[in-house]
Amino acid sequence: MSEVVSPGAVRLRELERIWRGRLSATLDRAVKPAVEAAAELVRKAAEGGEAVYGVNTGFGKLASVKIPAEQTEALQRNLILSHCCGVGDPLDEDATRLMMVLKLLSLGRGASGVRWQTVELIEGMLAAGVTPVVPVQGSVGASGDLAPLAHMAAVMIGAGEAVVDGARLPGAEALAKAGLDPIVLGPKEGLALINGTQFSTALALVGLWGAWRNAECCIVTAALSTDAIMGSTAPLVDAIHTLRGHKGQIMAARAQRALMEGSEIRESHREGDTRVQDPYCIRCQAQVSGAAIDLLRRAGEVLEVEANAVTDNPLVLVEEGRIVSGGNFHAEPVGFAADQIAMAIAELGAIAQRRVALMVDPNLSFDLPPFLTPEPGLNSGLMIAEVTTAALMSENKHLANPCTTDSTPTSANQEDHVSMAAHAARRLGRMNANLSHILGVEAICAAQGIDFRSPLKTSTPLQRVVERLRATVPALRDDRYLAPELEAAARLVMGGALVEAAGLDMTLGDD
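These numbers come from a predicted model, not from an experiment. (Residues numbered from 1 in each chain as written. Predicted model: local features only at pLDDT ≥ 70, side-chain atom pairs only at ≥ 80, totals over all residues. Heavy atoms only, no water.)

Draft legend 1. Looking closely at the layout of surface pockets. Quantified by volume, the largest pocket comes out at close to 720 Å³. Forming the walls of the largest pocket are 32 residues, and the residues nearest its centre are Gly-60, Ser-143, Leu-146, Ser-411 and Glu-415. No other element matches helix H3 (residues 72-83), which puts five residues into the lining of the largest pocket. Broken down by class, the residue content of the lining of the largest pocket amounts to 13 nonpolar, 16 polar and three charged. (1 Å grid on protein atoms, 1.4 Å probe; cavity = no way out; pocket = protein on both sides within 12 Å on 5 of 7 lines; lining within 4 Å. Points joined across faces, edges and corners; volume = space filled by probe spheres on them. Helix = DSSP H or I, 4+ residues; strand = E, 2+ residues; numbered from the N terminus. Nonpolar A, V, L, I, M, F, W, Y, C, P; charged D, E, K, R; others polar.)

Next comes the structure, spelled out in structure tokens:
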């Protein structure tokens, strides 16, 4: 299937649908005249005598070197080949395809000066499943994601490597297998392809969507844990949260309150409970996860703008009839957004880990057995599963340190302040995986705790969550080999199965 996308107007939900569904994409044909008009302006500039950066000059520190018109094709090809300096593992295919869609959107704004056939080749590669091999390391987030995008562009000129039908092939062979021809780059086209923030933005978007799914699950597992330790729902009263006014906090409290409605466990201790207040990891769950939700939404707003942006250089201003150098390739907004997402992920994991610690501690769990095993001593139960969550929580705290504050000069001090957005976004995948494992362990512990409250039952939505978990991870009685079950629980979190079982539906965007 293919999705028609409109440059300047695409929404996060469209991009997520393309990413999750491995859809191809084509530009709305209404943008073709603007794209071609910009390309014509570039063609005229290349034939003229005036020096225009990236059209008939060298690049970066070499911008003062004038290039003759007959060497402009070689100039653009050399640019791509020389910038293919990425290292490390290849970017996964789905994220690479998303990066290509984002590049299409940027080129489609009609300010980059590429020919329409260049747009059509990217569309053809997406449709045919030609996915460039893009090493994940090498970008500092200005001047754009040069090395990663160069590896994408290399395939377009018949160089580099690409994956087709699961086979990793030289770029020219990959195109030929798909019935596509490489292009000879025209003036500025190489620069238009590799200048831009699409690598960083794609990874930040993938990180955002993973974090949102984890945030949803965090509300579900928090509700389970609250029932498991016979916690109070009084802190979820709507008036508490509306008096403060933060949208995410109000949403989180309402969602958790609805999930726990009708729980026999909750009703059983409304009277005669000697505890006055629960620990913060229970009582302040809505405040913490709500703040994370608001942070993720703000990051989403930034990334939606960036997904629609023109971020190469120079820009072709057709209406003004000129080509102007600027700095839209600087990925500072993306780096800030990624840092915000990282903080949200770390804090969701920090409070979830404290709930796990609460449930396995007999001094705090309100009569649950030590480490949630029926026969403590002979069995260690979930003792080390909790330790694993502590390790993952600590790792995420370290990874949450900001990346955008760590600039360093590059390219002979011409590019003397950079965003570091690429690895700011790239770490989000690791952080989300860690958080999914923490929440998976929390679900296992909470389900175990709820079982110990029998014959009292939890609410209907939470019982569905326990049943979904139990279909994969049985109740723990005697000690057994747990590692595969922790992985299975994490997959249920990452795949959205527990949230779906709960019937929880939260929207990332305002609409």
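Draft legend 2. Molecular detail of the packing of aromatic side chains. Counting across every chain of the model gives one aromatic pair. Lying over the aromatic face of Phe-366, Arg-275 brings its terminal NZ or CZ to 3.5 Å of the ring centre. (Phe/Tyr/Trp six-rings, centres within 6.5 Å; stacked < 30°, edge-to-face > 60°. Lys NZ or Arg CZ within 6 Å of the ring centre and 35° of its normal.)

Draft legend 3. Representation of the pattern of salt bridges in the model. Inspection of every chain in the model, using the stated rule, returns 20 salt bridges. Residue Glu-320 is joined to Arg-322 by a salt bridge in which the shortest nitrogen-to-oxygen separation is 2.7 Å. Judged by relative accessible area, Glu-320 falls into the exposed class, the value being 51%. (Salt bridge = Lys/Arg side-chain N within 4 Å of Asp/Glu carboxyl O. Buried < 20%, exposed > 50% of the residue type's maximum accessible area, 1.4 Å probe, protein only.)

Draft legend 4. Focus on the pairing of strand S2 (residues 24-27). Pairing geometry for strand S1 (residues 2-5) and S2, over four bridges, is parallel. Its bridge partner lying in S2, Val-5 is registered against Leu-27. Once the chain exits S1 it traverses helix H1 (residues 12-21) before rejoining the sheet at S2, and the crossover so formed is right-handed. (Pairing = 2+ DSSP bridges. Right-handed = clockwise from strand over helix to strand, strands pointing away.)

Draft legend 5. Summary view of the sheet that holds strand S4 (residues 131-132). Ordered in space as S4-S6-S7, the three strands form an open sheet in which the pairing is antiparallel. Each having just a single partner strand, S4 and strand S7 (167-170) make up the two edges of the open sheet. Here strand S6 (residues 161-164) pairs with S7 via four bridges, running antiparallel. Counterpart to Glu-161 in the pairing with S7 is Pro-170.

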